[in-house]
Amino acid sequence: QRQIDAGAWGITVATPAQLLIARRAGVSRALIANEVLDVTALDWIASELALDESFEFACFVDSAAGVRAVAAAGIAHGLEQSERGGFPVLVDVGFVGGRTGVRSHAEARALADLVTATPGIRLVGVSSYEGGLPTVEAVQGYFAGIRALVEELASDGLLPADAIVTAGGSAYFDQVGSELSVEWARSVLPGVRVILRSGAYVSHDDGVYVG
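What this report covers is the structure whose coordinates are included nearby.

Calculation criteria
Residues numbered from 1 in each chain as written. Predicted model: local features only at pLDDT ≥ 70, side-chain atom pairs only at ≥ 80, totals over all residues. Heavy atoms only, no water. Salt bridge = Lys/Arg side-chain N within 4 Å of Asp/Glu carboxyl O. Helix = DSSP H or I, 4+ residues; strand = E, 2+ residues; numbered from the N terminus. Buried < 20%, exposed > 50% of the residue type's maximum accessible area, 1.4 Å probe, protein only. Axes fitted to C-alpha atoms, helices over the stretch in contact; angles between N-to-C directions. Parallel < 35°, antiparallel > 145°, perpendicular 65-115°, else oblique. Left-handed = near helix turned anticlockwise from the far one by under 90°. Contact = heavy atoms within 4.5 Å. Nonpolar A, V, L, I, M, F, W, Y, C, P; charged D, E, K, R; others polar. Phe/Tyr/Trp six-rings, centres within 6.5 Å; stacked < 30°, edge-to-face > 60°. Lys NZ or Arg CZ within 6 Å of the ring centre and 35° of its normal. Pairing = 2+ DSSP bridges. Right-handed = clockwise from strand over helix to strand, strands pointing away. Polar contact = N/O pair within 3.5 Å; in protein donor to acceptor, adjacent residues only side chain to side chain.

What follows deals with the pattern of salt bridges. Going through the model one piece at a time under the given rule, you end up with nine salt bridges. Here Asp-113 makes a salt bridge to Arg-109, at a shortest N to O gap of 3.0 Å. Linking Asp-113 with Arg-109, this pair stays in helix H5 (residues 105–117), spanning four residues, or about one helical turn. Under the relative-accessibility criterion, Arg-109 is labelled buried at 17%. In the salt-bridge network here, residues are joined through shared partners; they are Arg-29, Glu-56, Asp-162 and Arg-193.

Below, the structure written as structure tokens:
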């Protein structure tokens, strides 16, 4: 709540259970920084999206199985027939050896095409996580690829005008600000939202960076 009061766009959580807690606390904007495959969780999230038009949400997808699971929940709750246009997701772009996400530009583009072609699901942006990279140079190279993907998807009409471009990691959050600058993003899509997800530095992650 203190983060929201200080101007945070919303709250990032890791699991549907954490999202449930956030919703019960009144959070109206949230991201699940993972792919969700649990049918019960997806059914609940889709029902929240269908019942509450003010609820802004997206989760990640990095596989065809994830797209199918999310789309099924979206169809079951009629999200493709609503103003939402489907269950909102972000294509998650990782790196070789990373913890999540597709591993290449080609895989990311193929997944974005799959989402666009699948009823019940809607592509609303691109997610990334640079925290596991070893150097600033590696981070900068990674974000060059993220920018290229976003530019391509926007040019081909696969992203909405208010798309989300998000990254999160407490080690390099300054690089997120410089590599995914608002100026760059709005030159691609005028209403784009660049969201920094490194909020864990205020709690359990802080000791990792001491010294």
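Remark: helix H2 (residues 16–24) packs on helix H3 (residues 39–51), axes separated minimally by 10 Å, with the N-to-C direction vectors making an angle of 30°. In this view, H2 runs roughly parallel relative to H3, as classed from their interaxial angle. Where H2 crosses over H3, the two elements pack in a sense that is left-handed. Residues Pro-16, Leu-19, Leu-20 and Arg-23 of H2 touch H3, and the partners they reach there are Ala-41, Trp-44, Ile-45 and Glu-48. Its residues assigned to classes, the contact of H2 with H3 shows six nonpolar, no polar and two charged.

Glancing now at the packing of aromatic side chains. This structure, assessed with the given rule, holds four aromatic pairs. With a centroid separation of 5.7 Å and 35° between ring planes, the pair formed by Phe-55 and Phe-57 is classed as tilted. Of the two residues, Phe-55 and Phe-57, both sit in the buried class. An angle of 45° between the planes, with centres 5.4 Å apart, marks the rings of Tyr-142 and Phe-143 as tilted. Pair check on accessibility: Tyr-142 and Phe-143 agree, each one buried. The rings of Phe-55, Phe-57 and Phe-87 are connected pair by pair, giving a single aromatic cluster. Note that Arg-23 overlies the ring of Phe-55, its terminal NZ or CZ placed 3.8 Å from the centroid. Residue placement shows Arg-99 over the ring face of Tyr-129; its charged tip is 3.8 Å from the ring centre.

Turning next to the pairing of strand E6 (residues 164–167). Side-chain alternation along E6 places Ile-164 and Thr-166 on one buried face and Val-165 and Ala-167 on a second face that is also buried. Both strand E5 (residues 121–128) and E6 contribute to a ladder of four bridges, which runs parallel. Looking at the pairing, Gly-125 lines up with Ile-164 of E6. Between the parallel elements E5 and E6, the chain passes through helix H6 (residues 136–155) in a crossover that is right-handed.

This brings us to the side chain of Thr-118. Among the structural elements, Thr-118 can be located in the loop between H5 and E5. In this structure the side chain of Thr-118 is engaged in a polar contact, spanning 2.6 Å, whose partner is the backbone oxygen of Leu-114. Apart from residues no more than four positions distant in its own chain, Thr-118 is found in contact with Val-67 and Ala-71.

Strand order in the open sheet formed by seven strands is E1-E2-E3-E4-E5-E6-E7, and the pairing between neighbours is parallel. The outermost strands of the open sheet, each flanked by one partner alone, are strand E1 (11–13) and strand E7 (193–196). Averaged over all neighbouring strand pairs, the angle between strand axes comes to 30°, with direction disregarded. As judged from the four bridges shared by E6 and E7, these two strands associate in the parallel manner. When the sheet's bridge partners are listed, Val-165 is paired in E7 with Val-194.

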